[in-house]
Amino acid sequence: MMRARCMALAFFATFALQAQSFHTVGGLGRTKLTSVTRLYHSQSSSEELRRKLKEKEEAYARDRLREQQETLKLADFDYPELTKLEKCPFIDAEGEMNLVPPPQGTRASIYAVFDSHENLAFVGITRNVMASMRQILARQPLDAYYYSAHHVAKPSKATLELIKETWIRSCDAVPKGNIDADSEASWEGATDVKKFMTPEEQAYVHEQRSAGREGPALRVIARKYEADKLAILESRGLATPLRFDPKLKLLGLLDLHTPKKK
């Protein structure tokens, strides 16, 4: 009888220990799950906070720029009229690239590009107007025929943006190169040939990517578009030799090679 009672007590003691262990493990599991959940929400909250902070900073910068522009307008800021600036052809009568050097002391330039009918195609801002005009002719051989530039010795972002905005508003419609961010990028950055690839070219690049030869495949495609650009410029009478950056071609990009300053 005593033995049976001892066995019963041992059984209940074992059961109690197992139950306690179960609750402890379960509690740890729930604690760990809760910690992970909190960490996830914490990270999400941080990302959301950073995004909102960035939006506020961008909004503040826009408002600040707008205030500066309004101040310039109220002060009767004497901005250069685009119609009174000389239009320089990108290609001169001898077939050379016509790059007019800016006055000494120039720190920035606002420029306007015109098509073959002298319609405004793009307005931009640059720190190196000769380098920018050289690249733009290669990037936009069908639309870059003439350019005008206003040079500034002591530039401020508000002044430059105000002149740019004024020039854009001076024409009946928004220039094709200033319609949106993508349009401006096609004038101010390298040509991304991947955006223009045919289905056959895409399939070729995909096949070569599987073999670890995506770069050389993109170079082949880039050379095709390079040949098209050069043919257009040759038909316009350009005799100046152009060299596109070979390293960019491996990325599917086209832009003229810029020699390093010695």
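Above this text sits the structure in question.
Residues numbered from 1 in each chain as written. Predicted model: local features only at pLDDT ≥ 70, side-chain atom pairs only at ≥ 80, totals over all residues. Heavy atoms only, no water.

Thoughts on the nonpolar core
What counts, and what does not: The nonpolar core is taken to be a set of buried Ala, Val, Leu, Ile, Met, Phe, Trp, Tyr and Cys residues, with the residues joined through side-chain atoms within 4.5 Å. With a 1.4 Å probe rolled over the protein chains alone, any residue whose accessible area is under 20% of its type maximum counts as buried; one over 50% counts as exposed, and the rest are partly exposed. Each helix is a run of DSSP H or I of at least 4 residues and each strand a run of E of at least 2, with the numbering of both proceeding from the N terminus. Contacts between residues were defined by any pair of non-hydrogen atoms, one from each residue, lying within 4.5 Å.
Counting 30 residues, the largest nonpolar core has F90, V113, M133, I136, L137 and L238 as its most contacted members. With 6 residues, helix α6 (residues 214-235) is the single largest residue contributor to this core. If sequence neighbours within four positions are ignored, L137 has contacts with F90, I91, M97, A144, L233, R236 and L238. Counting 12 residues, the second-largest nonpolar core is a separate cluster that includes L82, A112, V123 and V152.

Topic: the sheet that holds strand β4 (residues 146-152)
What counts, and what does not: By the convention used here, strands pair only if DSSP detects at least 2 bridges between them. Simply put, an axis is a line fit to the C-alpha atoms, just over the touching stretch for a helix, and the angle between two N-to-C directions goes from 0 to 180 degrees.
Spatial ordering of the open sheet is given by β1-β4-β2-β3, a layout of 4 strands whose pairing is antiparallel. Two strands lie at the open edges of the sheet, namely β1 (88-89) and β3 (120-126), each paired on one side alone. Alignment of strand β2 (residues 108-114) against β3, held across 6 bridges, turns out to be antiparallel. Bridge pairing links I110 to I125 in β3. Contacting β2, β3 and β4, helix α2 (residues 129-139) crosses the sheet at an angle of about 25 degrees to β2. With respect to the sheet, helix α4 (residues 181-188) is in contact with β2 and β3, its orientation differing from that of β3 by roughly 70 degrees.

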